[in-house]
Structure formats: C-alpha cells, structure tokens
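Residues per chain are reported as follows:
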Amino acid sequence: MLKYMWLYLKRRPGRILVFIFVVALGVSMSLVISSIFLSFGETRSRIAKINESWITVQYVSESGRDESIDSSLIQVFEDVFGLSDVIPVDIAYLGYNLFGSARANFPVYGIKQTEISRMLRESNAYIAEGTVFAPGTNEIIVSDSFLRASGLDLENVYEEISEMSSKGLYTVVASLAGPSVFGLGPSGISRGKGSFGFLVFAEEGFLIAVENELRLRIIGEGLPVSIEGPVSSRETLERQYASYYLGVFLTNLFVALVFIIALTMLNSVSIRERRKEYAILAAIGHSPGSLKIRLFLESLYQGIAGWILGLLAGGAVLSLFEDRFFTPNGLYIGDSAVSSICTLFIPFTTIVLYQILIGRHLRRDLVGLLKSSEERVGLLKNRFRNVGLPWLQFPLRSDGYRSLFVNIIAFAVLLTVFGSLLSSLTDTVRDSGWLFNRCSYIQTSELEELRLPEEISSKSTAVLPADLLDSDVKLMFGTTKLFIPVVSTEHSRLLSIFDEDPAAGTLYVSRSLFDLIVNGSVRGLDYSSMEVLPSLESHAGVLVEDRIESDGLLVLYDERNLAGEIRRFASEIGQVEVVDRKTFELKIRAETQFMELISSIIIYLQFFVVIIIGVVTVTRVTLARRSEISIRNILGQRRDEIGLLFFGELLLVLLTGAAIGYLLATVCWQIFRSVFLQGLYVSSIVVPETLFRISVMTVIVLLAGVITARYLISKQDPISIIER
Amino acid sequence: MFELKEVALIYETKKQALAALKSTDLKIEKGEEVGIFGPSGSGKSSLLFIMSTLKEPSRGEVKYEGKELTALTPSAKAELRRKEFGFVFQEHFLINHLTVRENILLPLKEKRGARKRLEEITTALGLNKLLKRFPYELSLGQSQRVAVARALIANPKVVFADEPTASLDDENGSRVIELLKSYCSKSGATLILVSHSSEIIGDFRRRLRVENGQVYEVGVNA
C-alpha cells in the first residue's frame, strides 16, 4: 500500500503536494481565525465572570446615593444573612477596546481602601504593578490587560477615546492581574451620577443561594435595583455569547466550506484522471471494497499530513500573533486545543466526500468503469441535443465545465453570505452616525456657564438644548452604541426634519432604525410611541419630550468643517464631551478595524482559492479539449475563432454561475436571517460590495481561463492529434 | 496543382538527424487520383501533411496553384484548408459534443445553401437518419462516413485521405474509398490517398510508393 502510494507520489507529486498544501492552508487559517475570535470571547467572558465572585446589587441615580433605597437594601441584607458580608460601592464603567472588534465595558468599583484586600481575595486577583489608590482622589487600579489594550502606562491619564473625549478623568496607579477583569477606585468614583449599590459576598457554594434569596426579597419589596450574581451572570453569558459563538462558528464554517469545496474539486479531478487506473486495478483482481480502502487510506494519509502541517503552521502564526497582537492588546488567548480539534472538520469532511465520489464510480461494472475513463459527455446532453448556438453547445452537452460552474456558484454564495455577515458590524457603526454629519452634541456638567464663541455660533444654523440618549445595538460580534438626541417640542422645529409639529414622548426614527427596534436589536430606549420619519436616513432617530433635563447643546450647521472648530473649542475649555461625525469615524476605526482586516483576509483568501481552482479547472477543461482544438484547426478554423468560441463559453458559464450563486445566496441569506439571527442586527445583502467582489472574482477567473486557453490554442499543433 | 521541389522533412535530435522525407520533387495535376503507399514509418503521411499545410517541411518549396504554401501565415493556411481542402483520417476525429449534423457543417463558414448541400451529401452517404445523433452513438463505419461527409461538405478542390480504411472492415473500407473516388471524379477534385496497403490503391490512376523517405513513381493505370 505504502509502496503504491510512493509510486503515485513520484508520478504525481504536484497533485499530492497541492492537496496537502490546501489542507494545511485551510487548517492553519481556520485555527488562526477561530483563535482570534475566541480570544475576544475569552476576554469578554472574563469581564462577565466578575459576577461569579460576588453579587452586585445596584441602582442608577443622577444625584449620588439614594438614602431610601440604601436603607431598604440594608434591611433586606440584615434579614437575609446579616451585614458582615456587604460593602457599599459606586460603579463607573470603562470601555475596553477589543482591538477593533467592538467594545466591552468593565466595572470600576468605588470602595473604601480597607476593602481592597478583600476584593482581591474574593476574585483571586493581585496587584501586579503599582500601588493602591489614595482615598478622595481620581486614582484607580485597573486590570493589566486593560492597560495593554489601551496602550497606557501607570500614572498616565486615562482618556476615553471612543465615545466622549474627557481629559483627566482618572489616573491609573496600579494594575491587577488575575482571572477576572475589573477595576478598583476610591468611593465617589462615579462622581455623583451613575450606578450605586452594594457588593454581597458569601461562602463558596452559598453565593447562588444568596442571590436567589436576595432576588426574591428585592422583587417582593419592589425596589428599583438590579441584581447580578453567578446565576444572572451565567444567563447573561449564555444570552450574549450565543450569537457571538454562532458568529464564530459561522465564520469558521464558511472558511472551512471554501477549502472543502476546493479540495473536493481537486479530488474530483484526480478521480476523473485515475478512472482508468481504478479500472485496471479492478481488472487484475481488486474488489471495489479493497479499492475503496486503498483510496481511503491514501486520502487519510494526505489529510493527516495536511492537518499536521496546518497545525504546525497555524501554531507558528498564532504564537507570532500572541507576542505581537494578543498580549500587547490585552487579549487573552482562547483555548487553542479546542480550535485545533475543530479544524479536523476540513480533512474529515473532504475524506468523507471523497469516499462518496469514489463509491459512485466504483459501483459501475468493470466495462462501464473502463469506458467511463473515455467519457466526455454530460448528463444533460439529450435535453440540449437541438441547441444551435455554438457557445452553448459544449457547456450544455458535456460536463467539461461542471466543476467550474459549481465552483462559481458556491463561491458567489460564500462571498455574498460571508460579506453580509461581516459587514453588519461596520455598517451599524457607520449608519448610526448619519444624523451627526450636520450637527455636534456638546455635553457639559456646567451648561449654564457654557458660552459658544462667536465664530461658532455665527456659522451654525441653530443651537438648541438637548440630551443624548444612548442605547446598545446587539451585533453578531458584540454590541455597539447608538446615539439619539432628545429635544423638547419647543425646540424640535429647529431640527428641520419635521413636516408637522412632533408629539411629545414620541421617538421619531428612520425606517431602518424602526426595523432594528422592532426586531429587538436595540436595547435601552425609553419612549411612549414610535413613528417613522421619512426625512431621517440610516439608523437615525430623535426623541421628542415636553420638557427635557438638558445637559448639552445640539449645534446644527451646514458647513461640515465647523465640527472641527467645535472640537477644538471643547478641548480648550476641558470637561466637555463632544459627539459628532468624528466620534463615529473614531468608533469605526476602533470598533471595526480588526473585523475589516479579518474579513478582507478571508475574502482575499477566497479569491486566492477561487483563482487557483479556476485556473486549474480551466486548464484541465482546455487540455481535455486539445483534440477538439486540433480538429477545428485542421478543418480550417483559425485560432482566433477557436479562442473566441472558448471565451464565449467561459463567459456564459461564469456569468450564469455567478448570477445563480448570487440569487441563491440572497434567498438562503433571508431564510437564514429570519430563522437563526432574530434580534441581532445583521445587514441585508450588501448589494454594491458583494456584486463588486463577485464581479472581480468572475473577471479574474475569466481572464485566467482565457489566458490559459489562448496559450494552449497558440501552442497547439494541428497535427498533434494525429501523431498522438 | 501541387509542385514540390527538393522538399525534405528532417527530425533533428541532439544526437542525430532523422529524415522522415528525403529531398523530394513531385508534381500533382488538378483532378488526379493519387494513391500513396508504403510501409509504416516510410514517410508517406509526412508527404501528405506537408502538401496539406499541416506540417512545415524542413526545406524545399511546396507550391499549390502557384502559391508558396510555406510562406502563408497560420491563419491563411487555415483559410486555405477550410476553402479548398477536405480531410479524412484513420480515426474519424469527430467532436463528441456536436451532433452528426453539426460535425458535418463544421468546415462551412457560409451557412447559406448549407441545408441543400447537407441533404445531398447525407443522402449520398446514407446518413439522413443519423443527423441528430452524437458521435459516440455511431458505429465505426457510420463515424467514418460522417467524417467523409464533413470532408466533402465544402466542395473541396483537394481531398486528403490518410489511411481512411485502416480501422474499418473490408466492406466499409471499400465503401469509403468508393465514396471519395466518386466525389472526385464527379467534381473534378484531386484525391490524394495514403495507405500502407498497395491493394487498396490498386486501381488508382497514379500510384506512388514511399520507402525510407524516398518517393517512387510506381505507375499510371489507364
């Protein structure tokens, strides 16, 4: 057996090595991509797991601690288990940029300094670097991964770069290491506005029981507080990460499918070329069963060789990524053992498909098998017997282009579905900023004292008091923020988007935002009624209230460069936050750059694979038609005529395949969305980008095919058929 | 019609030069019926290929109706083959995914009048009922008759036949030879037929023997 394989390797080294190389490429790509995605999940789950160490009971307040809620809660705690295991906290949330794959927030607990050691003990964390914070300051301790992810050093001023530009909010004095991601700071960290409450501790094994008991009691009391502990943490993890892991799974599935199709096509070519060999082996006494085993082992050895090679290559790339990418960006690498085992899907499925293909051929009788090695006609020949158009004759009556046709359909489907899947994240961030193309929101705690300079107010079309509502849009890979200005009915007409007087309590939204809200993709919006406003585009919305507690100004303008002047003004006076066009540009860069990079890599990888398969298939088709080229040339058809015929055939096959693939993908995607992705924002089919990608793919394959065909035609000696 | 002067075909390898056809002078007139025979590898097919523009001679001149064939571009040669030459080979060389009708019509650039000509020729060759079939649905004899029909459809001035009967039984072989001769005698076309057997071309008016690359005139039948 091994000797036979060695002979085959010597005879066809290119074919075997290409097969092993493609398996290795697929396995390494799959390993690296899944590890990258899983590292984001791992980091997020470490943030979420903080509530497995204690129970957080919290409420939101605009003006510091609420004494009545506090006293009610203390009463509940006393009733349940005494007060010894409870500490009061206020909570600020810091944004954690997962290297351009959307953001995550982790809590910074404002506590007494004396509680630090307890917090560290309960969460198995330790101070890796620096010292504890000083009471009454803005000093905080954060996880070391957050420091790395934000590119900060100790004692550097932390600036939230994505959502609000705030200078000097915190000073980071120490870093925490451990299995959970959280921060610690002095009491009063939330600056009188934010989340307040208590952390509740319990002996190991009793935390779940305490959480359930607390939940029952607090719901019974009707207190406006939320409880997060191991039970809710697990539920949240399951709810949030079901879609995340579905996304990781789908991404890997599509990557794997590209390679499985490519490998199956290679196997299909191999089977066709080796049919005569199978027939001869059968003729000298090999049973179909023994032949199948022989070929199974052959593909198994190749698959294992490719898999091992892929794991080694993928492992090398991963270790490079870990040093250069994961660690410097504060990401925890996921469990690569699971990813490695998952990559078996590629060689395993390919081997199974190979066995099915082989089985189909070996089921024939010996004579049929021998004859099949000469077959060049397709299943549909009789149906298209009367087709008179030369460009359609070969594609319709023979199976010569079948593999290319199937490839193009499959790749058009993959490009369309995959492009739509990944573009959802970028599109949401981009689309959410539409309203801020012509306005800037300035937020400050001292609004009464804010005076806009003359050069800004003179250039603006209107300045109105407003509040800013933010809510989360749930994506396949995390969440992103949506900003909705809240304006009073009195000032709403200044926005110039209403034809009639708006109604108080109504959320006016664009059609697409309406769909998002109805689908449950948007969370955290509070409104009485909702109405679609045709003058709003993308994911834009405005909430109109009778009266608003404004803490900001909405500056409207026609000149877009006024946004820059407003930003400069805000940075000069400090303690002012600005949301404008640039906010979204920064968000796009921060939240989507890595996704775009990954999707580009995958899409270009698909291109690479498609081109390889396209060239191999086209060359094979043309090679199989060398006799026809000779015959046509002997009978007086010029080379350019034959070239034109081949070009026409190729063009028809590719265009038809691409169109069928695109239509098929559109239908599949809509069904898939409605069944599996409800409540998530995923873009619909991205028409321009997808069509562009499919067109580029089609043109490249066509060009490769035409060049190969022309080369073969120009080299083809008419007499060669006779001499052969 | 054909005039060959000192035509030779030499295959050169690194070690040696092998002459498939040695310096040959030959004239063939319009309407002649020429049979070329000789053992395998003697150079008879090389001679046919050179005359039909399928192969370039290593040296010498090949003229067809006064035109130097070696000076023609590949496109001009293709055009000449399409308009003036017809070919029949030992193998039928039909295109598998084309029907019999499409195979026969392949050499015709101008489709006007094709239907009438097709009807005439397929009636003469007994192919009327096979027109919609594919080549793999035909017997060897039928396939070769289709190849003859394809060779004759454009009313060629010269018909080149290279071992057209080698893969056929005697009955079908004789039928193919008769068809070719009949066409040429009626249309005044030139027939140049190559065979390894002298019997097959026994009644040809002019017979040439090729041996070791040399062409010998054997004789002319009355």
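Just so it is clear, the model here is predicted, and its values are computed rather than measured.

Asks: Sorry if this is basic, but what is going on with the overall build of chain B here?
Replies: Counting secondary structure elements, chain B contains six helices and ten strands. Taking all 222 residues of chain B together, the buried fraction comes to 54%. Look at the contacts in chain B between residues 6 or more apart in sequence, and 68% of them connect residues 24 or more apart. Counting only carbon and sulfur atoms, one obtains 47% of the accessible surface of chain B, whose full area is about 10,300 Å².

Asks: I'm lost on the nonpolar core in this one. Help?
Replies: Nonpolar side chains in soluble globular proteins tend to be buried together. Residue and element names in this part refer to chain A. Among the nonpolar cores identified, the biggest contains 68 residues, and Phe-259, Phe-411, Leu-650 and Met-697 are the most heavily contacted of them. Of all the secondary-structure elements, those providing two or more residues to this core are helix 2 (13-48), helix 7 (230-273), helix 9 (288-326), helix 14 (402-432), helix 19 (581-624), helix 21 (639-676) and helix 22 (687-715). Ranked by residue count, the leading element in this core is helix 7, at 14 residues. Non-local contacts of Phe-411, meaning those with residues more than four positions away in its chain, are made with Val-258, Ile-261, Val-609, Val-610, Ile-613 and Met-697.

Asks: Help me understand the pattern of salt bridges in this model?
Replies: Working definition: two side chains of opposite charge can pair if their charged atoms are close together. Residues and elements named next belong to chain A. Under the defined criterion, the tally for this structure stands at 30 salt bridges over all chains. Here Asp-470 makes a salt bridge to Lys-481, at a shortest N to O gap of 4.0 Å. Here Asp-470 is found in strand 12 (residues 460-475), whereas its partner Lys-481 is found in strand 13 (residues 478-488), with eleven residues between them in sequence. Judged by its relative accessible area of 36%, Asp-470 is partly exposed. Among the ionic pairs, Arg-581 bridges to Glu-585, the shortest N-O distance being 3.3 Å. Of this pair, Arg-581 and Glu-585 both sit in helix 19, separated by four residues, roughly a single helical turn.

Asks: What should I look at first to understand the packing of helix 2 of chain A against helix 11 (residues 345-362) of chain A in this one?
Replies: How two helices pack is summed up by the angle between their axes together with the distance between the axes. All names here are of chain A. Taken N-terminus to C-terminus, the directions of helix 2 and helix 11 make an angle of 140 degrees; their axes are 9 Å apart at the nearest point. Relative to helix 11, helix 2 is oriented oblique. Residues Phe-19, Val-23, Gly-26, Val-27 and Ser-30 of helix 2 lie in contact with helix 11, whose contacting residues are Ile-346, Pro-347 and Thr-350.

Asks: Explain the interface of chain A and chain B here, please?
Replies: One frequently used descriptor of interface size is the decrease in accessible area upon assembly of the parts. Counting residues at the interface gives 28 residues for chain A and 29 residues for chain B. Here chain A and chain B share an interface that buries about 2,500 Å² over both sides, 60% of which is from carbon and sulfur atoms. Between chain A and chain B we count three salt bridges in total. Within the residue set of the side of chain A that touches chain B, elements represented by two or more residues are helix 13 (390-397), helix 20 (626-634) and helix 23 (720-723) of chain A. With five residues, helix 20 of chain A is the single largest residue contributor to the side of chain A that touches chain B.

Asks: Would you explain the sheet that holds strand 5 (residues 67-68) of chain B in this entry?
Replies: Sheet strands associate in pairs through backbone hydrogen bonding, adopting either a parallel or an antiparallel arrangement. All names here are of chain B. Here four strands make up an open sheet; going across it, the order is 2-1-4-5 and the pairing antiparallel. Pairing within the sheet leaves two strands with one partner each, and these edge strands are strand 2 (17-28) and strand 5. Helix 1 (residues 44-51) contacts strand 1 (2-12), strand 2 and strand 4 (59-64) of the sheet and is inclined by roughly 120 degrees relative to strand 1.

Asks: Explain a nonpolar patch on the surface to me, please; I cannot follow it from the model alone.
Replies: Residues and elements named next belong to chain A. Together, Phe-21, Phe-608, Ile-612 and Val-616 give the surface a local cluster of nonpolar side chains, amounting to about 340 Å² of exposed area. Broken down by element, the nonpolar patch gets its largest block of residues, three residues, from helix 19. Note that Ile-612 resides in helix 19. The exposure class of Ile-612 is partly exposed, given its relative accessible area of 39%.

Asks: Before we go on, may I ask you to explain helix 1 of chain B in this structure?
Replies: Because each turn of an α-helix spans 3.6 residues, side chains separated by three or four positions end up pointing in the same direction. Residue and element names in this part refer to chain B. For helix 1, the buried fraction is high: seven of the eight residues fall into the buried class. Those residues of helix 1 that sit buried are Lys-44, Ser-46, Leu-47, Leu-48, Phe-49, Ile-50 and Met-51. Looking one or two places after helix 1, you find Thr-53, whose phi comes out positive at around 70 degrees.

Asks: Please clarify how the environment of Asn-212 of chain B should be interpreted in this entry.
Replies: Residues and elements named next belong to chain B. With respect to the helices and strands, the residue Asn-212 is situated in the loop between strand 9 (206-211) and strand 10 (214-220). C-alpha of Asn-212 to C-alpha of Ser-40: the two residues are 172 residues apart in sequence and 9.8 Å apart in space. Residue contacts for Asn-212: discarding those within four places in its chain leaves Lys-22 and Ser-42.

Asks: Hey, could you run me through unusual backbone geometry in this one?
Replies: Of all residues except glycine, most have a negative phi; of all peptide bonds, most are trans. All names here are of chain B. A positive phi angle, close to 50 degrees, is found at Glu-6, a residue other than glycine. One can find Glu-6 in strand 1. Unusually for a residue other than glycine, Asn-212 sits at a positive phi of about 50 degrees.

Asks: Can you help me understand the side chain of Ser-299 of chain A in this one?
Replies: Of note, Ser-299 of chain A is situated in helix 9. For Ser-299 of chain A, the residues in contact, after removing those within four places along its chain, are Ile-351 and Tyr-354 of chain A.

Asks: Would you take a moment to explain the pairing of strand 11 (residues 439-444) of chain A for this structure?
Replies: Consecutive side chains along a regular strand alternate between the two faces of the sheet. All names here are of chain A. Along strand 11, six of the six residues are buried, which leaves the element largely enclosed by surrounding structure. Of the two faces of strand 11, the one carrying Cys-439, Tyr-441 and Gln-443 and the one carrying Ser-440, Ile-442 and Thr-444 are both buried. Pairing of strand 11 with strand 19 (residues 576-579), which is carried by four bridges, proceeds in the antiparallel orientation. Within strand 19, the residue paired with Thr-444 across the bridge is Val-576.

Asks: Could you clarify how one ought to interpret helix 4 (residues 114-125) of chain B in this entry?
Replies: All names here are of chain B. For helix 4, built from twelve residues, the straight-helix expectation of 16 Å at 1.5 Å per residue is met to within 8% by its first-to-last C-alpha distance of 16 Å. By the burial criterion, the buried members of helix 4 are Ala-114, Arg-117, Leu-118, Ile-121, Thr-122 and Leu-125. Within helix 4, the buried residues cover an arc of 120 degrees as seen down the axis, which keeps them to one side. Residues of helix 4 that are exposed and point more than 90 degrees away from the buried face comprise Arg-115, Lys-116, Glu-119 and Ala-124. Those residues of helix 4 that are buried lie in contact with helix 3 (100-105), helix 5 (140-152) and helix 6 (170-187). Positive backbone phi, at 70 degrees, marks Gly-126, one or two positions downstream of helix 4.

Parameters and conventions
Residues numbered from 1 in each chain as written. Chains lettered and ligands numbered in written order. Predicted model: local features only at pLDDT ≥ 70, side-chain atom pairs only at ≥ 80, totals over all residues. Heavy atoms only, no water. Helix = DSSP H or I, 4+ residues; strand = E, 2+ residues; numbered from the N terminus. Buried < 20%, exposed > 50% of the residue type's maximum accessible area, 1.4 Å probe, protein only. Contact = heavy atoms within 4.5 Å. Areas by Shrake-Rupley, 256 points an atom, 1.4 Å probe, with all protein chains shown as cover. Core = buried A, V, L, I, M, F, W, Y, C linked by side-chain atoms within 4.5 Å. Salt bridge = Lys/Arg side-chain N within 4 Å of Asp/Glu carboxyl O. Axes fitted to C-alpha atoms, helices over the stretch in contact; angles between N-to-C directions. Parallel < 35°, antiparallel > 145°, perpendicular 65-115°, else oblique. Buried area = accessible area lost by both parts, 1.4 Å probe. Pairing = 2+ DSSP bridges. Patch = residues over 30% accessible without salt bridge, like charges linked within 9 Å, V, L, I, M, F, W, Y side chains within 5 Å. Expected span 1.5 Å × (residues − 1). Arc of directions from axis to C-beta.

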